[in-house]
Amino acid sequence: MGDAAPQVGVIMGSQSDWPTMAHAVQILEEFGIAHEVHIVSAHRTPDRLVDYAKSAATRGLKAIIAGAGGAAHLPGMVASMTRVPVLGVPVQSAALSGVDSLYSIVQMPGGIPVATFAIGKAGATNAGLFAAALLANNDTGLATKLDAWRVKQTDSVAPTPVREG
């Protein structure tokens with residue numbers, strides 16, 4: 001995004017993960033957070049994964065949002081090779097509706113943390129918001145934007161249901 005150095009990396013295991021991960025990118029763009037987006041497969045591009053993870057901190061990334069489906073090794077493998085916080089998004093799979101992805105990401109061994117979010121769109125959206133909240137700890141402008149976003153969200157909820165008929 002723009003000329004600013006990326007603060008957040010958004011990675012996914014394959015092109016088919018993009019419809020889910022686009023929701024994280026949408027949040028980052030809404031808050032003006034510099035980010036990068038790459039396909040990094042734990043299984044098909046292992047050298048790319050190693051290079052990406054090992055260079056993340058020195059390239060200035062403050063968080064990595066990693067989406068993966070099925071066996072979903074991407075978030076954990078990246079977390080094992082960087083101190084940059086990894087936010088795992090389970091992508092819905094055809095076989096088990098994303099439960100397999102969720103279990104693969106959330107069941108990390110002690111010592112290799114991955115913050116794990118909900119399956120699919122909600123998870124990707126919340127991972128973007130979590131990354132914004134992380135960055136807002138050291139960015140008062142971003143904190144103000146995030147606070148305003150939350151107020152707007154609260155204000156958008158009607159106090160009573162609309163009655164039909």
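Predicted, not measured: the structure shown is a model, and the values here were computed from it.

**A closer look at the overall build of the chain**
Next up, step 1: When you go through the chain residue by residue, the secondary structure sums to six helices and five strands.
Next up, step 2: Computed over its C-alpha atoms, the radius of gyration of the chain comes to 17 Å, within 12% of the 15 Å expected for a compact globule of 165 residues.
Next up, step 3: Its C-alpha atoms put the chain at 55 × 40 × 30 Å along the principal axes.
Next up, step 4: Scored against the burial criterion, the 165 residues of the chain give a buried share of 43%.
Next up, step 5: Restricting to contacts in the chain with at least 6 residues of sequence separation, those with at least 24 account for 65%.
Next up, step 6: In the form shown here, the chain has an accessible surface area of approximately 9,000 Å², with 55% of it arising from carbon and sulfur atoms.
Next up, step 7: Of the charged side chains in the chain, 11 are positive and 12 negative; the average position of the first set lies 3 Å away from that of the second.

**Quick word on the nonpolar core**
Nonpolar side chains in soluble globular proteins tend to end up buried together.
Next up, step 1: Val8, Val10, Leu28, Phe31, Ile33 and Ile65 are the most contacted members of the largest nonpolar core, which totals 24 residues.
Next up, step 2: Put simply, the parts of the chain that give this core at least two residues each are β1 (8–12), α1 (18–30), β4 (86–91), α5 (121–136) and α6 (140–155).
Next up, step 3: Top element by residues in this core is α5. It accounts for seven residues.
Next up, step 4: Leucine 28 has contacts with Val8, Val10, Ile33, His35, Ile65, Gly128 and Ala131, leaving out every residue within four places of it along the chain.
Next up, step 5: Counting 19 residues, the second largest nonpolar core, distinct from the first, contains Ala53, Ala56, Ala68 and Leu74.

**Some points on the pattern of salt bridges**
Next up, step 1: Here the structure, examined in full by the defined rule, presents one salt bridge.
Next up, step 2: In this structure, glutamate 36 and arginine 59 form a salt bridge, with 3.0 Å as the shortest nitrogen-oxygen distance. Here glutamate 36 is found in strand β2 (residues 35–39), whereas its partner arginine 59 is found in the loop between α2 (46–55) and β3 (63–69), with 23 residues between them in sequence.
Next up, step 3: On the basis of relative accessibility, which here comes to 12%, the residue glutamate 36 falls in the buried class.

**Thoughts on α6**
Next up, step 1: Counted at 1.5 Å a residue, the expected span for α6 with its 16 residues is 22 Å, and the 22 Å between its end C-alpha atoms agrees.
Next up, step 2: For α6, every residue scored as buried is listed here: Leu142, Leu146 and Trp149. One side of α6 holds all its buried residues, which, seen down the axis, span an arc of 60 degrees. Facing away from the buried side of α6 by more than 90 degrees, the exposed set consists of Thr140, Thr144, Thr154 and Asp155.
Next up, step 3: Where α6 is buried, its residues meet α1 and α5.
Next up, step 4: Near the N-terminus of α6, the side chain that reaches the backbone nitrogen of glycine 141, with its oxygen 3.1 Å away, is that of aspartate 139.

**Describing the packing of α5 against α6**
Next up, step 1: Contact geometry for α5 and α6: axes closest at 8 Å, N-to-C directions at 140 degrees. Taken together, α5 and α6 sit at an angle that is classed as oblique. For the crossing formed where α5 meets α6, the hand is left-handed. Across the interface between the two elements, Leu129, Ala132, Ala133, Leu135 and Ala136 of α5 pack against Leu142, Ala143, Leu146 and Trp149 of α6.
Next up, step 2: A class-by-class count of the residues in the contact of α5 with α6 yields nine nonpolar, no polar and no charged.

Rules behind the numbers
Residues numbered from 1 in each chain as written. Predicted model: local features only at pLDDT ≥ 70, side-chain atom pairs only at ≥ 80, totals over all residues. Heavy atoms only, no water. Helix = DSSP H or I, 4+ residues; strand = E, 2+ residues; numbered from the N terminus. Rg over C-alpha atoms; globule rule 2.2 N^0.38 Å. Buried < 20%, exposed > 50% of the residue type's maximum accessible area, 1.4 Å probe, protein only. Contact = heavy atoms within 4.5 Å. Areas by Shrake-Rupley, 256 points an atom, 1.4 Å probe, with all protein chains shown as cover. Lys, Arg positive; Asp, Glu negative; His and termini not counted. Charge placed at Lys NZ, Arg CZ, Asp CG, Glu CD. Core = buried A, V, L, I, M, F, W, Y, C linked by side-chain atoms within 4.5 Å. Salt bridge = Lys/Arg side-chain N within 4 Å of Asp/Glu carboxyl O. Expected span 1.5 Å × (residues − 1). Arc of directions from axis to C-beta. Polar contact = N/O pair within 3.5 Å; in protein donor to acceptor, adjacent residues only side chain to side chain. Axes fitted to C-alpha atoms, helices over the stretch in contact; angles between N-to-C directions. Parallel < 35°, antiparallel > 145°, perpendicular 65-115°, else oblique. Left-handed = near helix turned anticlockwise from the far one by under 90°. Nonpolar A, V, L, I, M, F, W, Y, C, P; charged D, E, K, R; others polar.

Purely geometric numbers; function is a separate question.
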